[in-house]
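Breakdown of the fold
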Amino acid sequence: MQDSELYSRILGIAAPWRVERVELKLQQGEVHVYLGHEDKQDWPCAECGARCALYDHQAERQWRHLDTCQYRTILHASPPRSECAEHGVRVVKLPWAEANSRFTALMEGLAIAWLKHASQKAVAEQLGLSWDEIHGIMERAVERGLARRQAEKIPYLGVDEKAFRKGHKYLTLVNDLSRNRVLYVAEDREQRSLDGFWPTLTEEQRESVEAVAMDMWDPYVDSVREHVREADPKIVFDKFHIAKHLGEAVDRVRRREHKALKAEGDDRLTGTKYDWLRNPTNMEGEQRREFAQLKYSELKTARAWALKETAMAFFNYVYERPARKHFHWWYNWAVRSRLPPMKEVAAMLKRRFENIITYLRHQITNAASESLNAKIQWVKYTARGFRNKQNFINAIYFHCGDLDLAPSATK
Ligand SMILES: [Zn+2]
């Protein structure tokens, strides 16, 4: 069998294309495959597929292919350009590569498959690609994936902020809570960060939004109010974010009290910081008994803790009326508690209450996407090679967007 025939089989090259010659560069460990085509005067337009007249040929280009027998394999060809009455002069579609890629579709497909499971560094080393090449492959994959997305209904959204590196740089993520995927990523956590999301939706999709879980963060509230019809009953403040605020208030009470007690030689609160924050049902034996002694004591911290636990019991209600009653009663207790941090958090929850009680109707939290968070953590962990935020954003879409990433030429 001739080299060229062998390589047209390996590469799956079919008419009108053919392998014209194969050059082995043993010393460099490379195989160069030169592709040509039949003498053909009309080619389909890359845009609309209409038969168009051949216009000219591009200068020779190269595509990196999968290695063959450990030889770095490079394709060469001069792609024809055809002239369409409607779309003008365009490079024709090539069966082995996507437009503007320096890799064959199989090579990109393999890199994408590996990148799903290994760090960029490992894939770069294994395939002999540079950071720029890896980022280019990921970027094109994400572009394809986003363009292929269908306009499905998105009833439950979660808007989440993520810290990016140290120094309080943030990203805003919009998650599809029903399908556990990231729909949108933007820089910062301003109103405009979230504003950019809405125009990516169709009118029907925007109408399909039933509820949005988020932190108590006004820029996000404002964005939803501006872009979603009858937004207020659809905004649900995340119950874990509320628990965090309550926990911080308890901790402030504890710190102050601990200081006062220590001054009198009482170290009951030493080393108890996390006991007050965790769920006591997760404690065992001795620890549980010790904590029971503390929580039933006359300490201010114990009172603050009871306030926190009682506030969170709100989320177990099914019906609005008793839930409102519960909150009202709790609020009065909190403001009379003589515990300033608890009074502050109570005032905040009261102010935000109408978007807290919406939880009972929609039952959504941002934690619905915990598995998604784990993935994002992994992306962050393997992010050391990201030179800028855009690479990081692309990586989030790549791994968490549930996108169809494969080059179309391999499908
Ligand atoms: Zn055309």
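Further up the page is the structure itself.
A brief look at the structure comes next. (Residues numbered from 1 in each chain as written. Predicted model: local features only at pLDDT ≥ 70, side-chain atom pairs only at ≥ 80, totals over all residues. Heavy atoms only, no water.)

If you tally the helices and strands in the protein chain, you get 15 helices and 13 strands. The C-alpha radius of gyration computed for the protein chain amounts to 30 Å, which surpasses the reference 22 Å derived for 411 residues by more than 25%, pointing to a less compact arrangement than a globule. For the protein chain, the C-alpha atoms occupy an extent of roughly 95 × 50 × 35 Å along the three principal directions. Counting only residues that meet the buried cut, the protein chain has 48% of its 411 residues in that class. Long-range contacts, defined as pairs at least 24 residues apart, comprise 60% of the intrachain contacts of the protein chain with a sequence gap of at least 6. Per element, the accessible surface of the protein chain, about 22000 Å² overall, is 48% carbon and sulfur. Looking at the protein chain, you have 65 positive and 58 negative side-chain charges, and the mean spots of the two groups are 7 Å apart. (Helix = DSSP H or I, 4+ residues; strand = E, 2+ residues; numbered from the N terminus. Rg over C-alpha atoms; globule rule 2.2 N^0.38 Å. Buried < 20%, exposed > 50% of the residue type's maximum accessible area, 1.4 Å probe, protein only. Contact = heavy atoms within 4.5 Å. Areas by Shrake-Rupley, 256 points an atom, 1.4 Å probe, with all protein chains shown as cover. Lys, Arg positive; Asp, Glu negative; His and termini not counted. Charge placed at Lys NZ, Arg CZ, Asp CG, Glu CD.)

Before going further, it helps to examine the sheet that holds strand β6 (residues 71–77). Read from one edge of the open sheet, 4 strands run β1-β2-β6-β5, paired in mixed fashion. For this open sheet the edge positions go to β1 (17–25) and β5 (61–68), each flanked by a neighbour on one side alone. When strand polarity is set aside, the average angle formed by the axes of neighbouring strands in this sheet is 25 degrees. Sheet topology note: the strand β2 (residues 30–37)/β6 ladder contains 5 bridges and is parallel. From the neighbouring strand, valine 33 faces β6, where its bridge partner is leucine 75. (Pairing = 2+ DSSP bridges. Axes fitted to C-alpha atoms, helices over the stretch in contact; angles between N-to-C directions.)

This paragraph deals with the nonpolar core. Within soluble globular proteins, side chains that are nonpolar tend to cluster in buried spots. Core analysis: the biggest nonpolar cluster contains 93 residues, and Phe197, Trp330 and Met342 have the highest contact counts within it. Counting residues per element, this core draws most heavily on helix α15 (residues 389–400), which supplies 7 residues. Formed by 17 residues, the second largest nonpolar core is a distinct cluster that contains Ile13, Val22, Trp63 and Leu94. (Core = buried A, V, L, I, M, F, W, Y, C linked by side-chain atoms within 4.5 Å.)

A few words on the pairing of strand β12 (residues 211–214). Burial along β12 is two-sided: the face carrying Ala211 and Ala213 and the face carrying Val212 and Met214 are both buried. The sheet contact formed by strand β9 (residues 156–164) and β12 spans 3 bridges and is parallel. Residue glycine 158 lies in a different strand from β12, and its bridge partner there is alanine 213. In this view, the connection linking β12 to its parallel neighbour strand β13 (residues 235–237) by way of helix α7 (residues 218–227) has right-handed handedness. (Right-handed = clockwise from strand over helix to strand, strands pointing away.)

Within this structure, the stated rule accounts for 16 aromatic pairs. Ring centres of tryptophan 329 and tryptophan 333 lie 5.7 Å apart, and the angle between their planes is 40 degrees; this geometry places the pair in the tilted category. In this pair, tryptophan 329 and tryptophan 333 are both assigned in helix α11 (residues 320–335), 4 residues apart and thus about one turn of the helix distant. Feature note: the residues Phe314, Phe315, Phe327, Trp330, Tyr331, Phe353 and Tyr359 constitute an aromatic cluster, connected by ring pairs. In this arrangement the basic side chain of lysine 40 is found over the ring face of tryptophan 43, its NZ or CZ atom lying 4.9 Å from the centre. Geometry around tyrosine 170 places arginine 189 over its ring, the cationic atom sitting 3.9 Å from the centre. (Phe/Tyr/Trp six-rings, centres within 6.5 Å; stacked < 30°, edge-to-face > 60°. Lys NZ or Arg CZ within 6 Å of the ring centre and 35° of its normal.)

In space, the 4 strands of this open sheet follow the order β3-β4-β7-β8, with antiparallel pairing throughout. For this open sheet the edge positions go to β3 (42–44) and β8 (88–91), each flanked by a neighbour on one side alone. When strand polarity is set aside, the average angle formed by the axes of neighbouring strands in this sheet is 50 degrees. As judged from the 4 bridges shared by strand β7 (residues 80–84) and β8, these two strands associate in the antiparallel manner. Across the sheet, residue cysteine 84 finds its bridge partner in β8, namely glycine 88.

Glancing now at the side chain of arginine 144. With respect to the secondary-structure elements, arginine 144 resides in helix α4 (residues 131–148). Among the polar contacts listed, one links the side chain of arginine 144 to the side chain of glutamate 98, at a separation of 2.9 Å. Setting aside residues no more than four positions away along its own chain, arginine 144 makes contact with Glu98, Glu108, Ile112, Asp404, Leu405, Ala406, Pro407 and Ser408. (Polar contact = N/O pair within 3.5 Å; in protein donor to acceptor, adjacent residues only side chain to side chain.)

Right, let's get into the packing of helix α8 (residues 239–263) against helix α12 (residues 340–351). One way to put it is that α8 packs onto α12 with a least axis distance of 8 Å and a crossing angle of 165 degrees. Regarding the angle of α8 to α12, the classification is roughly antiparallel. The handedness of the crossing between α8 and α12 comes out as right-handed. Together, Ile242, His245, Leu246, Ala249, Val250, Arg252, Val253 and Arg256 of α8 and Pro340, Pro341, Met342, Glu344, Val345, Met348 and Leu349 of α12 make up the contact between the two elements. (Parallel < 35°, antiparallel > 145°, perpendicular 65-115°, else oblique. Left-handed = near helix turned anticlockwise from the far one by under 90°.)

What follows covers the coordination of the zinc ion. Each protein donor to the zinc ion is listed here as Cys45 (SG), Cys48 (SG), Cys84 (SG) and His87 (ND1); together their distances run 2.1 to 2.3 Å. For the zinc ion, all donor residues lie on one chain, and their spacing in sequence is C-x2-C-x35-C-x2-H. Of this pair, cysteine 48 sits in the loop between β3 and β4 (51–57) while histidine 87 sits in the loop between β7 and β8, placing them 39 residues apart in sequence. (Donors = N, O, S within 2.8 Å, 3.2 Å for Na, K, Ca; no water.)

On to helix α1 (residues 3–11). Buried within α1 are the following residues: Ser4, Tyr7, Ser8 and Leu11. One face of α1 carries all of its buried residues, which in axial projection span an arc of 105 degrees. Packed against the buried residues of α1 are β1, β2, β5 and β6. After α1 finishes, the residue glycine 12 shows a positive phi value of roughly 65 degrees. (Arc of directions from axis to C-beta.)

Take a positive patch on the surface next. A cluster of basic side chains, namely Arg256, Lys300, Arg303 and Arg338, defines a positive patch on the protein surface. Residue position: lysine 300 is located in helix α10 (residues 300–313). Note on lysine 300: relative accessible area 42%, which makes it partly exposed. (Patch = residues over 30% accessible without salt bridge, like charges linked within 9 Å, V, L, I, M, F, W, Y side chains within 5 Å. Salt bridge = Lys/Arg side-chain N within 4 Å of Asp/Glu carboxyl O.)

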